[in-house]
Amino acid sequence: MTPSRRLLAIADDLSGAAEVAAAVRSRTTRSRVLLLGAPGAAGTATTLRPRHVGEATVLDLDSRYRPAAEAAEAVREALRMSWPDGDGRGGSGTPDTLDTLDTFVLKKIDSQLRGNVAAEIAALAEGGARVVLAPALPIAGRVVRSGVVHIGGVPLHEGDAWRAEAVPPPTSVAQALDGLPTALIPLTTVRSSRPTLLTALRAAATAGRVAICDAETDADLDAIVGASLADGPGMRLVGSGGLALAVGRHLATAFSATGVPAAPGATGPVAPGATGSLATAAPAAPAATGPVAKDTGSPAATGPATPDATGSAATAVRGPTVSDALGRGAPDATGASALATPAAAASTDGPAAPSASTAAEPDAAPPPSANTGRPVLVVVGTAEPAAVEQVRRLVEDGASHQRLPLAGLLADGPPVRLPALTAAVTVVSLGASPGSPGRTPSYEAVPLPSPRPAAPPSAGEAEPGSGRRLVLGLARAVRAAVAAHHGAVDLVLTGGETARRVLDALAVTELDPVGQVHHGAVHLRTPDGRSVVTRPGSFGDPDSLRHIVQALRPHSTERKVTS
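Residues numbered from 1 in each chain as written. Predicted model: local features only at pLDDT ≥ 70, side-chain atom pairs only at ≥ 80, totals over all residues. Heavy atoms only, no water.

Student: So what's going on with helix 9 (residues 218-228)? Which residues, and what values?
Tutor: Counting buried residues along helix 9, eight of its eleven residues qualify, which places the element largely inside the surrounding structure. Looking at helix 9, one finds that the buried residues are Asp-218, Asp-220, Leu-221, Ile-224, Val-225, Gly-226, Ala-227 and Ser-228. (Buried < 20%, exposed > 50% of the residue type's maximum accessible area, 1.4 Å probe, protein only. Helix = DSSP H or I, 4+ residues; strand = E, 2+ residues; numbered from the N terminus.)

Student: Which residues make up the pattern of salt bridges, and what values do they have?
Tutor: When the charged atoms of two side chains lie near each other, side chains of opposite charge can form a pair. For the structure on display, the rule yields 29 salt bridges. Here Arg-374 and Asp-490 are joined by a salt bridge, their closest N and O atoms 3.0 Å apart. A residue pair is termed long-range when its members are at least 10 positions apart, and Arg-374 in the loop between strand 14 (361-362) and strand 15 (376-380) and Asp-490 in strand 18 (residues 490-494) qualify at 116 residues. Across the pair, exposure class does not vary: Arg-374 and Asp-490 are buried alike. Taking the shortest distance from any N to any O, the salt bridge between Arg-468 and Glu-497 comes out at 2.4 Å. Of this pair, Arg-468 sits in helix 13 (residues 466-483) while Glu-497 is found in helix 14 (residues 496-505), placing the two residues 29 residues apart along the sequence. One connected set of salt bridges, linked through shared partners, spans Asp-60, Asp-62, Arg-468, Glu-497, Arg-500, Arg-501 and Asp-504. (Salt bridge = Lys/Arg side-chain N within 4 Å of Asp/Glu carboxyl O.)

Student: Describe the sheet that holds strand 8 (residues 154-155), and please don't skip the residues or the numbers.
Tutor: Taken in spatial order, the three strands line up as 6-7-8 in an open sheet, and their pairing is antiparallel. Each edge of the open sheet carries a strand with a single partner, namely strand 6 (142-145) and strand 8. Two elements, strand 6 and strand 7 (residues 148-151), share four bridges in a ladder whose sense is antiparallel. Across the sheet, the residue bridging to Val-144 is Val-149, located in strand 7. (Pairing = 2+ DSSP bridges.)

Student: Describe the packing of helix 3 (residues 68-81) against helix 5 (residues 117-124), naming the residues involved and giving the relevant values.
Tutor: Between two packed helices, the angle of one axis relative to the other and the distance separating the axes together describe the packing. Contact geometry for helix 3 and helix 5: axes closest at 8 Å, N-to-C directions at 35°. When the axes of helix 3 and helix 5 are compared, the crossing they make is right-handed. Of the residues in helix 5, those in contact with Ala-68, Ala-71, Ala-72, Val-75, Arg-76 and Leu-79 of helix 3 are Ala-119, Glu-120, Ala-123 and Leu-124. The residue makeup of the contact of helix 3 with helix 5, split by class, is eight nonpolar, no polar and two charged. (Axes fitted to C-alpha atoms, helices over the stretch in contact; angles between N-to-C directions. Left-handed = near helix turned anticlockwise from the far one by under 90°. Contact = heavy atoms within 4.5 Å. Nonpolar A, V, L, I, M, F, W, Y, C, P; charged D, E, K, R; others polar.)

Student: Break down the pairing of strand 15 for me, with residues and values.
Tutor: With respect to burial, strand 15 is a largely interior element, five of its five residues being buried. Burial along strand 15 is two-sided: Val-376, Val-378 and Val-380 facing one way and Leu-377 and Val-379 facing the other are all buried. Two strands pair when backbone bridges link them, and strand 15 and strand 17 (residues 425-431) are joined in this way by five bridges, in the parallel orientation. Its bridge partner lying in strand 17, Val-378 is registered against Val-427. Where strand 15 meets strand 18, five bridges bridge the pair, whose relative direction is parallel. Bridging across to strand 18, Val-378 finds its partner in Val-492.

Okay, here's the thing in structure tokens:
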């Protein structure tokens, strides 16, 4: 890939888009995230034009839980808008259109194959476009063997990763493509010479088949990217954040080899490593991304980076590495986002009288914080059981915890009211409803139904669409709390659906990546300088939220986090 080419990345949810933007950002490559379809996102076609040589534009289509036909059309529209004038020339975005622009296309999908994978890949392959699919995510212990996704050594369809989905998981990657013609590229071919792998990819493309690649390590993904781009940008790559990291490494190498100067803003700010030395947010080399998944499938660690022999941090994608200095620019007085422009007339004297359905249920309130920076609001909208322990540890450190009643979130009336954001860190999660404020803290997991519409439920099951309604209710509550605060608020958002609904409610349409706290936990900045950290709901070890909060606000909670 030559420096004159640009990268267009397409994701189906916001946390995935952020993950890609951070993965491809380096000393020579600047990236940004655009939220397509968001309120106030007019003129997106114009903003797709690259601002800098080699810039990567990452689009969040917000399509994971849309009907399949709508998701496919969203992909087609994204390809059409990639034309410099945004006038829709090139029809469905055929190879001729994009090759003329020298545009390389990367499609980000869920490593667990959730979402409209088949419909979106079919749209991507229209017009004879060549597609290479590699969904492995080695850093999280998610590998592809014989065309089957394995998580921690267990085939996807034999585990419980899809417990919140309305349909059963696919038994193979090919089955997830719902009848699209495919060709399996086995691991032996992936690990052979580049000419051998390239020949196999070309044969699949000539036969009109999607090439499904086995991969177990970052080196495997590097080989796939290198072979796919050997013929230029004609191959369209599809994969998880693991493939995005491989693309980032490829771009950094390609630009370094041609002596292209650093992109504006791409070199800073940098993040201090675990030992205090500086580590850039550039994608790490395969050996530096942590242990790869062994044959046993055990997940790789996502904890703090281990210093190398020189004492510097090995990589910026592991451990709490984002500096307190990041994302602390003064708010723009003219910014339209509610994230930095709270309603002036709103009261901060405290919450209104609580009711059973519209008031948050607080745990014991911590003492007032001496922190004078912006408050951090942590919004946990995921149904993942691991989030329960993550919240417990954050509260143990002194964060204020507000459990939002499900009945209030699902109601059509006024939003659930949060107390004033006076604490340095406030964490919001879903709580059983009804409940009584002031009780012993409860961290039980609350099942969150899939936002995807499904068949009518059986007795005792959640109402179809209630997952989306819960998240929308959560976003309304966050918007009201941010608007009521006299000053800017930084956000930590877990789960791509939650992150997108909250930022839509706050009218945020564009984000610039700063770096990663740990893999998948991406620190971004709004145009007016506020910090937003997004993270997939299934990512992170028990100290994930601790690390994220410490990165944004060192020592903002009572007990110093050690790792």
